[in-house]
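Here is what each chain is made of, one letter per residue.
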Amino acid sequence: MLRALIFDVDGTLAETEDLHRQGFNRAFQALGLPWQWSPELYAELLKVMGGKERLVHYIERFHAEEAEALKVRMPEIHDLKTRFYGELAQSGGLSLRPGVRRLVEEARAQGVRLAVATTTSRPNIDLLLRLNFPGDAQPFDVIAAGDEAAQKKPAPDIFALAVHRLGIDPSEAIAFEDSAAGIRSALAAGLPVLATRSRYTQSHRLDGAFSAVSDLGEPDAPHQHLQGHVWPGGVVTLEALRDWHAGHLRGAA
Ligand code: XBP
Ligand code: MG
């Protein structure tokens, strides 16, 4: 039985990555660091998951000669980036990607549990949920985020933590991801993965996902199919997910 849907956040629930990039740039400027991350460079840096890890990677790769002194400043830079990200998100809006709200509502109405498994920091998720589900104290049953996992994606830790907190077997859930590292993480945790490609994962290989689409789709705005399972009408509905999942379990038996 399909008992839970587990969502990645950045690039999957919402197109947040460029706000993260801008948040980093504002933090660099505020701290007098002459660094500027372009969208092209950021796409490259995104291969390292987690903002803190990404920052350390950038320092080691581009400022190796002063790396030790700069790495000490990482927590300060990242805290400031999180603050600027929050300000940017609040002023510019942070809307959900197509089909996300519909699918979340279908799941809640039909008793399928909802979880988040992300490398992003907890305040960023709380803000995203507050802005998009006002008045709803807990739209998701389980949140597994950021430094709660010993190792970030592509390690399975954060998806495994979400599954553990849901108290289910991974075969009873479906994961939603936008990145190659995220797909690897969910697969390693034993979850089937549906990929929705995002702005910053256009060049990623989505191998391993049982289906890859441009987004979840809406009845009046069907998605573009990329590979694997095809969704009726170009829309990922809970009913269609249940059908796929039942067939998947029969195939595995
Ligand atoms: C994507 C990430 C995140 C964000 C930044 O996470 O790698 O690190 O870019 O967030 P996911 P922080 O797709 O798993 O949601 O700076 O708070 O780490
Ligand atoms: Mg993502």
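In the annotation of an unreviewed UniProt entry, the entry for the protein reads Protein CbbY, and the organism field reads Methylorubrum aminovorans.

The environment of ligand 1 is made up of 18 residues, and the closest members are Arg54, Lys81, Thr118, Thr119 and Ser121. Separating an oxygen atom of ligand 1 from a side-chain N or O atom of aspartate 8 is a distance of 2.7 Å. Contact distances for ligand 1 include 2.6 Å between an oxygen atom and a side-chain N or O atom of lysine 81. Of the pockets mapped on this structure, ligand 1 occupies the largest pocket. Among the secondary structure elements, those contributing two or more residues to the shell around ligand 1 are α1 (17–30), α3 (51–62) and α5 (74–92). Looking at the shell around ligand 1, its residues break down into three nonpolar, nine polar and six charged. Three or more residues apiece are contributed to the shell around ligand 1 by two domains, here domain 1 (4–16 + 95–252) and domain 2 (17–93).

With that settled, consider the coordination of the magnesium ion (ligand 2). The protein atoms donating to the magnesium ion (ligand 2) are Asp8 (OD), Asp10 (O) and Asp178 (OD), with metal-donor distances spanning 2.1 to 2.2 Å. The sequence motif formed by the donor residues of the magnesium ion (ligand 2) is D-x1-D-x167-D. Of this pair, aspartate 8 sits in the loop between β1 (4–7) and α1 while aspartate 178 is found in the loop between β4 (173–177) and α9 (180–188), placing the two residues 170 residues apart along the sequence. For aspartate 8, a relative accessible area of 4% translates into the label buried.

Moving on: unusual backbone geometry. Going from lysine 153 to proline 154, the amide bond is cis rather than trans, its omega being 15°. With respect to the helices, strands and loops of the structure, proline 154 is situated in the loop between β3 (142–145) and α8 (157–166).

On to the packing of aromatic side chains. Taken as a whole and judged by the stated rule, the model has 15 aromatic pairs. Looking at lysine 81, its charged tip hangs above the ring of tyrosine 85, at a distance of 5.5 Å from the centre.

Let's shift gears to the packing of α5 against helix α7 (residues 122–132). The axes of two packed helices give the description: the angle between them and the distance between them. As a packed pair, α5 and α7 sit with axes 10 Å apart at the nearest point and diverge in direction by 10°. Relative to α7, the element α5 lies roughly parallel. For the pair α5 and α7, contact is made by Lys81, Thr82, Tyr85, Gly86, Ala89 and Gln90 and by Pro123, Asn124, Leu127 and Leu131, respectively. Of the residues in the contact of α5 with α7, the class split is five nonpolar, four polar and one charged.

In contact at an axis separation of 10 Å, α3 and α5 are set at 130° when each is read in the N-to-C sense. Judged by the angle between their axes, α3 and α5 are oblique. Read as a crossing pair, α3 and α5 show a hand that is right-handed. Packed against α3, whose contacting residues are Gly51, Lys52, Leu55 and Val56, the element α5 presents Met74, Ile77 and His78 at the interface. Among the residues making up the contact of α3 with α5, the classes are represented as four nonpolar, two polar and one charged.

The subject of this paragraph is the layout of surface pockets. Considering only enclosed or pocket space, the largest pocket measures out at about 380 Å³ in volume. Surrounding the largest pocket, 34 residues form its lining, Glu17, Leu46, Met49, Arg54 and Thr119 being those nearest its centre. Where the lining of the largest pocket is concerned, the elements lending two or more residues are α1, α3, α5 and α9. For the lining of the largest pocket, the element with the highest residue contribution is α3, accounting for four residues.

Turning our attention to the environment of histidine 248. Locating histidine 248 in the fold gives a position in helix α10 (residues 238–252). On the basis of relative accessibility, which here comes to 34%, the residue histidine 248 falls in the partly exposed class. C-alpha of histidine 248 to C-alpha of serine 171: the two residues are 77 residues apart in sequence and 9.4 Å apart in space.

Each value, and the rule that gives it
Residues numbered from 1 in each chain as written. Chains lettered and ligands numbered in written order. Predicted model: local features only at pLDDT ≥ 70, side-chain atom pairs only at ≥ 80, totals over all residues. Heavy atoms only, no water. Near = heavy atom within 4 Å. Polar contact = N/O pair within 3.5 Å; in protein donor to acceptor, adjacent residues only side chain to side chain. 1 Å grid on protein atoms, 1.4 Å probe; cavity = no way out; pocket = protein on both sides within 12 Å on 5 of 7 lines; lining within 4 Å. Sits in = over half its atoms within 2 Å of the grid points. Helix = DSSP H or I, 4+ residues; strand = E, 2+ residues; numbered from the N terminus. Nonpolar A, V, L, I, M, F, W, Y, C, P; charged D, E, K, R; others polar. Domains from an automatic or database assignment. Donors = N, O, S within 2.8 Å, 3.2 Å for Na, K, Ca; no water. Buried < 20%, exposed > 50% of the residue type's maximum accessible area, 1.4 Å probe, protein only. Phe/Tyr/Trp six-rings, centres within 6.5 Å; stacked < 30°, edge-to-face > 60°. Lys NZ or Arg CZ within 6 Å of the ring centre and 35° of its normal. Axes fitted to C-alpha atoms, helices over the stretch in contact; angles between N-to-C directions. Parallel < 35°, antiparallel > 145°, perpendicular 65-115°, else oblique. Contact = heavy atoms within 4.5 Å. Left-handed = near helix turned anticlockwise from the far one by under 90°. Points joined across faces, edges and corners; volume = space filled by probe spheres on them.

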